[in-house]
Amino acid sequence: MTNYPDMDIEIIIRDKVIDAIEKLYSHKADPNQVQIQNTRKDFEGDKTVVVFPFLRLSKKSPEQTGEELGNFLTGEVSEIAGFNVVKGFLNLVIDGSYWMNQLNEAAGDKQYGFSPVTDESELVMIEYSSPNTNKPLHLGHIRNNLLGFSISEIMKANGNKVVKTNIVNDRGIHICKSMYAWKTLGNGETPASSGKKGDHLVGEYYVKFDQLYKKEISELVAGGMSEDEAKDKAPSILAARDMLRKWEANDAEVRQLWETMNGWVYQGFDETYKMLGVDFDKIYYESDTYLIGRDEVIRGLDEGYFYRREDGSVWADLSGEGLDEKILLRSDGTSVYMTQDIGTAKMRFEDYDINHMIYVVGNEQNYHFQVLAILLDKLGYKWGKDLYHFSYGMVELPHGKMKSREGTVVDADDLVEGMIDVARKVSEELGKLDGYSEEEKNNIYRIVALGALKYFILKVDPRKSMLFNPEESIDFNGNTGPFIQYTYARIQSVLRKATDSGLSIPEKAPSIACNEKEIELIKTINRFPFVVKEAGDNHSPALIANYVYDLVKEFNQFYHDYSIVNETDETVRSFRLVLTRTVGQTIKNGFSLLGIEVPERM
RNA sequence: GGUCUGGUAGCUCAACUGGAUAGAGCAGCAGCCUUCUAAGCUGCCGGUUGCGGGUUCGAGUCCCGCCUGGAUCACCA
C-alpha cells in the first residue's frame, strides 16, 4: 500500500491503472487511454474509470475487466475505499478523509485556485476594447471589454504576466466626419456647455454628418447625377476628405480640432471604462502606429514580399496561402486598417518581451487576422503566425444585428444606468437594506446591476453569438449574477452571525463524518483549480461562470437542509463554518475572474 | 458563388472535448418562511439534439450529403 498525501487522486489512479493493466494483462497501456472523470451524481462513487479502452488488452467482458481493475486499485491505493462496476464504468469510492484534506487545502487560502506569477512566468499581452473615437461604446463593446478583462484575469490566475492593452482608432475618415459636422453645425457646443458626455456629443455629430451626407446625395441624384458619383462628389464628403489630408499634413487648425474632440471622447470613455471596471496597462493610438506600419509595408515591398501596382497601390499576394490579394497601401500612399495593425504589432513587440499575443476582436474579423498573421510572418516576425485571435460572437438583438443608422444600437452607458435602476427597484421591494446610508445602498445597486449584466454576457460560450432582448430586463433570479451574489451575501451573513454570537471559526476544518451534501460541496470546491486551468486553456470565462453557478446551487441546497450556526454538535458546527467560509471564498475568487464584485449584504 | 461558422425543451443557455438515463434557468402548474437573508428550496410539465447516411463497444460531439441562420471575401474600419 502506498500513500500519496499531496498528489492529486486522479494522477494516482491513472498510474495505478497502467500498473494494473501491466500486471493483470501484460500490456502497456497508453496514459491517454486512461479516462478518468467525476462520477455522475446518479451513481455511487466519486471517480470513474472508463474501462472500454482496455477490453482489447484484457480480452474479457467490460464487467469482469472493471471488477479486476477495481480489486487491484482498492488494494493498491489507500484512498480508494471501495468500488462498483456499472456496464463499462468502474466507479471508485474515495475515502472521506481524502475529501477532508482537500477541503483544508482550500480553507483559508485567499488565493485558492490561482497559480502564482513568478519571474519565469510567460508574458501574455491581451488587446481588447479598441474603440473608434467617433461614437460612444455600445453593447458589442461591452461584450468585448468584459471578455478582454476576464480573459486577462484568467490568464493571470494561470500564472502568466499579463499586459492589458488597447489600440485606439483615433484617426481616419470617420473621425473627420464628426469633426466636419461639428465645425459646420456645432456652434461651438462642448460637453461643458451642453452637459453632454463627450463621447455622446461627438457621436451626435457623426450621426449629423451622415444625415447631411445623405441629404446631399439625394439632392445630387435629383439633379441628374448617378448615385455612385453623388456619393463621391457630395460637398460634405469632399470636405471630410480634405480634412483628412490636412490632418496627415499636420495642419495646425485641423490637428487642434482633432485633439479637442478626441479629448472629449476620451473623457467619456474613461467614465464608461471605470463604470464597467475595466482598465489597461498600456494604450496605443493608431495615430502613433500607422506610419510605422507604412514603413514596414515599404520594407516588405523592397524585400520583395509585396508588390506595387501601376496605380501606386501596394498589395500582398496571398494566393499561395489559399487567400486573395490584400491591399496594404492605397494608391495615394495612405494606409488602411491592416497597415496600422502591422505597425502596432511591431511597436508592441519592441516595447515588451511578449510570449503570447491575444487579440480580443469579434469574429467578423476572422479573415483580417488570418491575413495579419501571414503578413507578419512574411515580414520576418517569428511570432506572427502564433498570434491568437480570440474570436467572439456578435451580440444580436431580436431583430438582428445592431445598426447605428437604424437607431437600434444599445448604448453602453444607457444600459448600465438602466440596470442600476432595475437593481434599485428590486432591492427596494425586498426592503433588506433598510437602515443603510444612501451611499451604501447605491454601491450595492451598482454591484448587483453590474453583476447581472456581466454574468449575463460572460456565462455564454464566447465563440457563439448571443441574443440580447432590450425589451426584457436581465433577470435577477435563477442562473444569474445576483443569485450568486445573494448566496455570497447570505454566507457572509451566516459568518457574521457566528462571530457575533461569540463563535470562533477555526483555520482548518475538524474531521467529521460528512453527509452527502457536504461531500458534494467539497468535491465541487475541489474542482475549482481545474476549472481555472481549463478556462485558461480554452480562453473561456463561461466555464468559470457555469462552475460558480454549480457551486452556489450546491451550497443553497446544503444551506436549506442543514443548520450551520444553529448546529448543536460543536465539531460539526466548526466544520460547517469552515466549509461555508471556503465556499464564500471560492465564489469570490471565481467572480473576481469575471470582474464581478460580491457584496457583503444585499 | 468561394471560405468560415452556428442549428439542443415555448424562450435564453449547458453538456468535463467520443462516454452511463442530454442538464439548468426563465415562462407555466403545485408546494415550503414563528428557526442562519424566500434574489432561496422542493416537486410536476416540457426533447426523434435541423434532416439523412457513415465511422465504433458508444455520436449532441468526428466524417459525407442535404435544409437553414449568420459572418466574410472592398483603395471601410
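Residues numbered from 1 in each chain as written. Chains lettered and ligands numbered in written order. Predicted model: local features only at pLDDT ≥ 70, side-chain atom pairs only at ≥ 80, totals over all residues. Heavy atoms only, no water.

Caption draft 1: Molecular detail of the layout of surface pockets. The space that makes up the second largest pocket amounts to roughly 630 Å³. Along the wall of the second largest pocket there are 24 residues; nearest its centre are Asn 38, Lys 47, Lys 523, Arg 527 and Val 531. Considering every element that reaches the lining of the second largest pocket, the biggest residue donor is helix α18 (residues 516–538), with eight residues. Counted by class, the lining of the second largest pocket contains six nonpolar, six polar and twelve charged residues. Composition of the lining of the second largest pocket by domain shows at least three residues from each of domain 1 (9–94) and domain 4 (412–593). (1 Å grid on protein atoms, 1.4 Å probe; cavity = no way out; pocket = protein on both sides within 12 Å on 5 of 7 lines; lining within 4 Å. Points joined across faces, edges and corners; volume = space filled by probe spheres on them. Helix = DSSP H or I, 4+ residues; strand = E, 2+ residues; numbered from the N terminus. Nonpolar A, V, L, I, M, F, W, Y, C, P; charged D, E, K, R; others polar. Domains from an automatic or database assignment.)

Caption draft 2: Broad picture of the sheet that holds strand β5 (residues 123–127). Pairing is parallel across the open sheet formed by five strands, whose spatial order is β7-β6-β5-β11-β12. Only two strands of the sheet have a single partner each, and these edge strands are β7 (282–285) and β12 (388–392). If you compare each strand with its neighbour and ignore which way they point, the axes differ by 25° on average. Note that strand β6 (residues 161–168) and β7 share four bridges and pair parallel. Across the sheet, Asn 166 pairs through a bridge with Ile 283, a residue of β7. Helix α5 (residues 139–157) contacts β5, β6, β11 (356–362) and β12 of the sheet and is inclined by roughly 160° relative to β6. (Pairing = 2+ DSSP bridges. Axes fitted to C-alpha atoms, helices over the stretch in contact; angles between N-to-C directions. Contact = heavy atoms within 4.5 Å.)

Caption draft 3: Layout of the protein's contact with RNA strand B. As a structural note, the neighbourhood of RNA strand B is formed by 64 residues, with Asp 311, Arg 330, Lys 432, Tyr 486 and Tyr 562 the closest of them. Among the atoms of RNA strand B close to the protein, meaning within 4 Å, 61% are from sugar or phosphate groups. One nitrogen or oxygen atom from the side chain of Ser 493 is found 2.6 Å from a phosphate oxygen belonging to RNA strand B. The contact in question runs from a sugar or linking oxygen of RNA strand B to an N or O atom on the side chain of Tyr 549, over 2.7 Å. Listing elements by their share of the surface near RNA strand B, those giving two or more residues are β2 (47–50), β4 (89–94), α15 (412–430), β14 (466–467), α17 (481–500) and α19 (541–561). A per-element tally of the surface near RNA strand B places α17 first, with seven residues. (Near = heavy atom within 4 Å. Polar contact = N/O pair within 3.5 Å; in protein donor to acceptor, adjacent residues only side chain to side chain.)

Caption draft 4: Focus on the pattern of salt bridges. In the structure shown here, the tally under the stated rule is 40 salt bridges. Across the pair Glu 76 and Lys 16 runs a salt bridge whose closest N-O atoms are separated by 3.2 Å. Here the residue Glu 76 occupies a position in helix α3 (residues 62–76), and Lys 16 occupies one in helix α1 (residues 9–25), the gap between them amounting to 60 residues. Take Lys 16: its relative accessible area is 8%, and that puts it in the buried class. A salt bridge links Arg 463 to Asp 461, with the nearest nitrogen and oxygen atoms 3.2 Å apart. What makes Asp 461 partly exposed here is its relative accessible area of 23%. (Salt bridge = Lys/Arg side-chain N within 4 Å of Asp/Glu carboxyl O. Buried < 20%, exposed > 50% of the residue type's maximum accessible area, 1.4 Å probe, protein only.)

Caption draft 5: Region of interest: unusual backbone geometry. At Lys 59, a position not held by glycine, the phi torsion is positive, near 55°. Examined against the element boundaries, Lys 59 turns out to sit in the loop between α2 (55–58) and α3. At His 539, a residue that is not glycine, the phi angle is positive and equals roughly 50°. With respect to the secondary-structure elements, His 539 resides in the loop between α18 and α19. According to the relative accessible area criterion, His 539 is buried, its value standing at 14%.

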